[in-house]
Amino acid sequence: MLDDYHQVNVDTIASRATATGIGSIGIVRISGSKAFEIGCKIAKKQLTARIAHFGSFYDANNNIIDEGIAIFFKGPHSFTGEDVVELQGHGGIIVESILKLAISYGARQSRPGEFTERAFLNDKIDLTQAEAIADLIESSSEHAARAAICSLTGEFSKKINCLIEELIHLRVYIEAAIDFPEEEIDFLADHPVIQKIQKIIDNLEDVLLQAKRGAVQREGLRLLIMGAPNVGKSSLMNALSGVETSIVTDIKGTTRDTIKEHINLDGLPIQIIDTAGLRNTEDKIEQIGINKTISLISAADIILFMVDQPLNAEQLQQHWHELVNQNIPQNKVIILRNKIDTTCDTPKKYKIDNFSAIDLAVKHQQGLDILTDFLKQHAGFAADIGGGFSARSRHTTNLVKAKDLLISSKSFFIKSGAPELLAEDLRQAQEVLGEITGAFSNDQLLGRIFADFCIGK
């Protein structure tokens with residue numbers, strides 16, 4: 001019942017809830033113990049919960065400053081769980097006037113993400129749902145928006161909570177057996193502990209797969225194009241981006257700095273980075289560009305290493321180390337042999353040693369479809385596949401950490417049969433998963449998450 005609700009005397013925050021600049025509609029949102037009082041002062045009327053009140057908005061001197069709609073949401077039945085008032089008027093500079101008026105009546109300007117943070121702290125949403133709000137706003141594709149909605153409606157949280165429940169049930173059994181040793185329970189003989197752990201690991205891997213897909217949809221891929229001068233790096237950059245971003249000439253060293261372009265590949269966001277050609281040079285400016293290329297390697301998701309001549313495995317390894325001289329996981333590198341039109345070869349995908357390789361002719365648009373399909377496959381992404389959550393790197397990191405804990409504890413338990421250590425590993429895995437939804441969290445983590453939100457959300 002609304003009348004039974006007694007709001008904690010928290011400070012009142014206010015902010016514009018619509019983008020800055022000129023617009024047809026501007027909304028000021030107010031939340032906290034003084035929201036109702038402030039809303040009634042500005043609208044000059046007693047607001048009824050969940051009723052849209054159309055009328056004028058007045059300043060402290062009873063001058064009309066705008067007209068629009070005032071809506072009151074009484075806590076806890078509101079987004080933040082507190083009393084909330086929304087004043088919906090005209091856009092432009094008048095929104096700032098209404099906001100300043102609300103602040104003069106006792107509210108304060110909200111911090112970025114503070115409305116959503118209060119919703120989380122008041123148990124209206126969990127942490128993954130809170131993050132999904134920001135992800136939905138920042139979605140760069142339809143797929144990313146659908147993934148954000150999936151998390152916002154609680155699908156991701158349900159999966160995590162199911163994993164936690166499975167861990168709790170197993171912990172209860174194991175810890176009961178530890179506390180009552182007189183029952184002489186034989187773990188391996190009387191209870192399928194190992195099978196239970198494996199089932200949790202399998203379920204966790206399914207969630208991790210969906211989370212990784214969601215992370216790709218949200219964050220996209222960082223694609224680094226590398227190779228010697230004049231092998232076609234800039235031409236590939238232009239072909240993939242669809243614009244003449246990079247200058248293409250026959251002169252070595254034309255590209256001296258990194259050039260970045262964002263594209264959307266059938267719903268998969270990609271940041272392409274064209275780099276300076278790798279070679280020994282006395283040109284100091286060109287050398288700076290080459291050093292910058294080397295520094296970007298670790299941050300790249302995929303490296304497209306371009307060559308323009310047929311190479312066997314030994315030649316490729318030698319060529320790679322001459323130019324790059326770094327140990328990089330080979331599954332992160334795709335070899336692109338360009339200019340196959342000069343050798344009358346056909347586009348194809350194959351393997352050289354442990355490297356994936358594609359033959360293509362960028363100038364004639366041959367083999368680009370093979371490359372784009374391979375990039376989507378490499379990312380675990382398909383335009384016609386739904387699902388996936390709006391996951392972040394912290395989510396996938398915690399899922400991997402929980403999985404590693406369970407795999408390690410399972411292996412050790414098989415060898416030792418020690419239930420005490422198994423129970424502790426299960427507890428740690430439960431806490432790691434709980435950090436994803438906010439069941440276990442700390443102020444530093446929350447501050448970092450909500451600081452990335454836009455003001456008014």
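Definitions and cut-offs
- Residues numbered from 1 in each chain as written.
- Predicted model: local features only at pLDDT ≥ 70, side-chain atom pairs only at ≥ 80, totals over all residues.
- Heavy atoms only, no water.
- Helix = DSSP H or I, 4+ residues; strand = E, 2+ residues; numbered from the N terminus.
- Buried < 20%, exposed > 50% of the residue type's maximum accessible area, 1.4 Å probe, protein only.
- Areas by Shrake-Rupley, 256 points an atom, 1.4 Å probe, with all protein chains shown as cover.
- pLDDT = per-residue confidence, 0-100.
- Contact = heavy atoms within 4.5 Å.
- Core = buried A, V, L, I, M, F, W, Y, C linked by side-chain atoms within 4.5 Å.
- Pairing = 2+ DSSP bridges.
- Axes fitted to C-alpha atoms, helices over the stretch in contact; angles between N-to-C directions.
- Salt bridge = Lys/Arg side-chain N within 4 Å of Asp/Glu carboxyl O.

Caption draft 1: Summary view of the overall build of the protein chain. When helices and strands are tallied, the protein chain shows 15 helices and 13 strands. The 457 residues of the protein chain split such that 49% are buried. As displayed, the protein chain has an accessible area near 22,300 Å², and 52% of this comes from carbon and sulfur atoms.

Caption draft 2: Structural detail: the confidence of the model for the protein chain. Model confidence for the protein chain is summarised by a mean pLDDT of 80, while 79% of its residues fall at 70 or above. Segment residues 246–257 is flagged for pLDDT under 50; beyond a separation of four residues in sequence, or across chains, it makes 34 contacts in the model.

Caption draft 3: Looking closely at unusual backbone geometry. Of note, the amide linkage connecting G75 to P76 takes the cis form, showing an omega dihedral of 5°. With respect to the element layout, P76 can be found in the loop between β4 (64–73) and β5 (84–89).

Caption draft 4: Focus on the nonpolar core. Counting residues in each nonpolar core, the largest one holds 32 residues, and the members touching the most others are F156, I160, L399, L406 and L433. Sort the elements by how many residues they give to this core and helix α8 (residues 193–219) lands first, with ten residues. Look past the residues within four positions of I160 in its chain and what remains in contact with it is V207, L399, L433, I436 and T437. Counting 27 residues, the second-largest nonpolar core is a separate cluster that includes M237, I270, I358 and L371.

Caption draft 5: Focus on the sheet that holds β4. In space, the six strands of this open sheet follow the order β3-β4-β5-β2-β1-β6, with mixed pairing throughout. The strands lining the two open edges of the sheet, one partner per strand, are β3 (53–58) and β6 (108–109). Together, β2 (26–31), β3, β4 and β5 form the strand contacts of helix α1 (residues 35–43), whose direction differs from that of β3 by roughly 80°.

Caption draft 6: Looking closely at the environment of G39. Position of G39 among the secondary structure elements: in helix α1. When its relative accessible area of 0% is taken as the criterion, G39 is described as buried. Placed 46 residues apart in sequence, G39 and V85 show a C-alpha to C-alpha distance of 6.1 Å. Here G39 is in contact with L47 and V85, once residues within four sequence places are set aside.

Caption draft 7: Local environment of the pattern of salt bridges. Scanning all chains against the criterion turns up 20 salt bridges. Put simply, E96 and R16 hold a salt bridge, and the shortest N to O gap is 2.7 Å. Of this pair, E96 sits in helix α2 (residues 93–104) while R16 sits in strand β1 (residues 13–16), and the two are 80 residues apart along the sequence. On the basis of relative accessible area, E96 is assigned to the partly exposed category, the value being 28%. Bridged by salt links that share partners, the residues D11, E82, R108, R111, E114, E117 and R118 form one connected network.

Caption draft 8: Region of the structure containing the pairing of strand β7 (residues 221–227). In terms of residue burial, β7 counts as a mostly covered element, since six of its seven residues are buried. Here β7 pairs with strand β9 (residues 268–274) via five bridges, running parallel. If you follow L221 over to β9, its bridge partner there is I270. Bridging between β7 and strand β10 (residues 302–307) involves five bridges; their strand directions are parallel. Pairing of G227 across the sheet is with M306, part of β10.

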